[in-house]
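Given next are the chains, with one letter for each unit.
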Amino acid sequence: MSSVATSHPALAWKRIKRIGPLGTILLLHVAFFWALESGLIHQAAQVMPKEIFASFITPEKAPEPPPPIPQPAAPRTVAIVKKSITPPRPTPVINNTPSETAISVPTPSPQPREETPPAATAPAPAPVTAPPQPRTITSGVEYIQPPDVKYPATSKRMGEEGKSIIRVLINEKGRAERVEVQKSSGSARLDDAAKEAVMRALFKPYTEDGKALPVFAIVPINFQLSN
């Protein structure tokens, strides 16, 4: 009898342990529906804090102020210093009168200066006299070999004619040293031919008192074409 009584509580406890979790779930469901019906869940939802979304905005960097404009330097004030003129100091008067106690020193007599004899001046050079220029003669010219005039072929083809007057310097030996055109024929070719002919000529030396002298002579050269 005692063994049966002891087994019933143990069996009952086992049943409670099996049914306990199920009963707890049922109780929770009943409580949930009861709370839903009574509005507790709605109030709890209102009491719960709402989710707030916040975004952080980075402020834009303010522009840097422009560099300050340098101001022109203010004119510097220069103080004008007046130059003070110091009056000259008075010159002390020196008494040159010897006192009675002064010792006089004899002044040495000046020594006679030795006079240097003047240097002999060199004689001035004699002026150089230019040799006299040969004179010009217009007549009395004699030839040993007369001018051999060659008519330029170009002047012949072009029909050039004229008279060249040549001034020639004849030395003591009768040779022509220099010729120049005194009067042109109107053609440079004829004038050149006349000068060449006079330079090749040989003159008789011009003499005075038996002495040969250089002279200028005038030699006309005539260029004329024959028919």
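Read on for an overview of the structure.

**Points about the pairing of strand β3 (residues 162-170)**
Reasoning step 1: Looking at chain direction, β3 and strand β8 (residues 215-223) are connected through nine bridges and run antiparallel. Bridged to glycine 162 within β8 is phenylalanine 223.
Reasoning step 2: Two elements, β3 and strand β4 (residues 176-183), share six bridges in a ladder whose sense is antiparallel. Of the residues in β4, the one forming a bridge with isoleucine 170 is alanine 176.
Reasoning step 3: Connecting β3 to the next strand, β4, in antiparallel fashion are five residues, including glycine 174 with a positive phi near 85°.

**Quick look at the side chain of glutamate 160**
Reasoning step 1: Secondary-structure assignment places glutamate 160 in the loop between α3 (153-158) and β3.
Reasoning step 2: Relative accessible area serves as the criterion here: at 15%, glutamate 160 is assigned to the buried category.
Reasoning step 3: Here serine 187 takes part through its side chain, which lies 2.7 Å from a polar atom of the side chain of glutamate 160.
Reasoning step 4: Not counting chain neighbours up to four residues away, the residues in contact with glutamate 160 comprise Tyr151, Ser155, Ser187, Arg189, Leu190 and Leu225.

**Quick look at a nonpolar patch on the surface**
Reasoning step 1: Residues Phe32, Phe33 and Leu36 make up a contiguous nonpolar surface patch of about 330 Å² in total accessible area.
Reasoning step 2: Note on placement: phenylalanine 33 falls in helix α1 (residues 2-38).

**Topic: the sheet that holds β4**
Reasoning step 1: Spatially, four strands are ordered β1-β8-β3-β4 in an open sheet, and the strand pairing comes out mixed. The outermost strands of the open sheet, each flanked by one partner alone, are β1 (136-137) and β4.
Reasoning step 2: In the packing of helix α4 (residues 188-200) onto the sheet, the strands contacted are β3, β4 and β8, and the crossing angle to β4 comes to about 150°.

**Here we look at unusual backbone geometry**
Reasoning step 1: In this structure, aspartate 209 takes a positive phi of about 55° despite not being glycine.
Reasoning step 2: Structurally, aspartate 209 is set in the loop between β6 (206-208) and β7 (211-213).

**Some details on the packing of aromatic side chains**
Reasoning step 1: The final tally for this structure, using the stated rule, is two aromatic pairs.
Reasoning step 2: Taken together, a centroid distance of 5.5 Å and an interplanar angle of 90° make the contact between tyrosine 151 and phenylalanine 223 edge-to-face. You can see tyrosine 151 sitting in the loop between β2 (143-145) and α3 and its partner phenylalanine 223 sitting in strand β8, a full 72 residues away along the chain. Taken as a pair, tyrosine 151 and phenylalanine 223 share a single burial class, namely buried.
Reasoning step 3: One Lys or Arg, arginine 167, reaches over the ring of phenylalanine 216 and ends 3.9 Å from the middle of that ring.

Calculation criteria
- Residues numbered from 1 in each chain as written.
- Predicted model: local features only at pLDDT ≥ 70, side-chain atom pairs only at ≥ 80, totals over all residues.
- Heavy atoms only, no water.
- Pairing = 2+ DSSP bridges.
- Helix = DSSP H or I, 4+ residues; strand = E, 2+ residues; numbered from the N terminus.
- Buried < 20%, exposed > 50% of the residue type's maximum accessible area, 1.4 Å probe, protein only.
- Polar contact = N/O pair within 3.5 Å; in protein donor to acceptor, adjacent residues only side chain to side chain.
- Contact = heavy atoms within 4.5 Å.
- Patch = residues over 30% accessible without salt bridge, like charges linked within 9 Å, V, L, I, M, F, W, Y side chains within 5 Å.
- Areas by Shrake-Rupley, 256 points an atom, 1.4 Å probe, with all protein chains shown as cover.
- Salt bridge = Lys/Arg side-chain N within 4 Å of Asp/Glu carboxyl O.
- Axes fitted to C-alpha atoms, helices over the stretch in contact; angles between N-to-C directions.
- Phe/Tyr/Trp six-rings, centres within 6.5 Å; stacked < 30°, edge-to-face > 60°.
- Lys NZ or Arg CZ within 6 Å of the ring centre and 35° of its normal.

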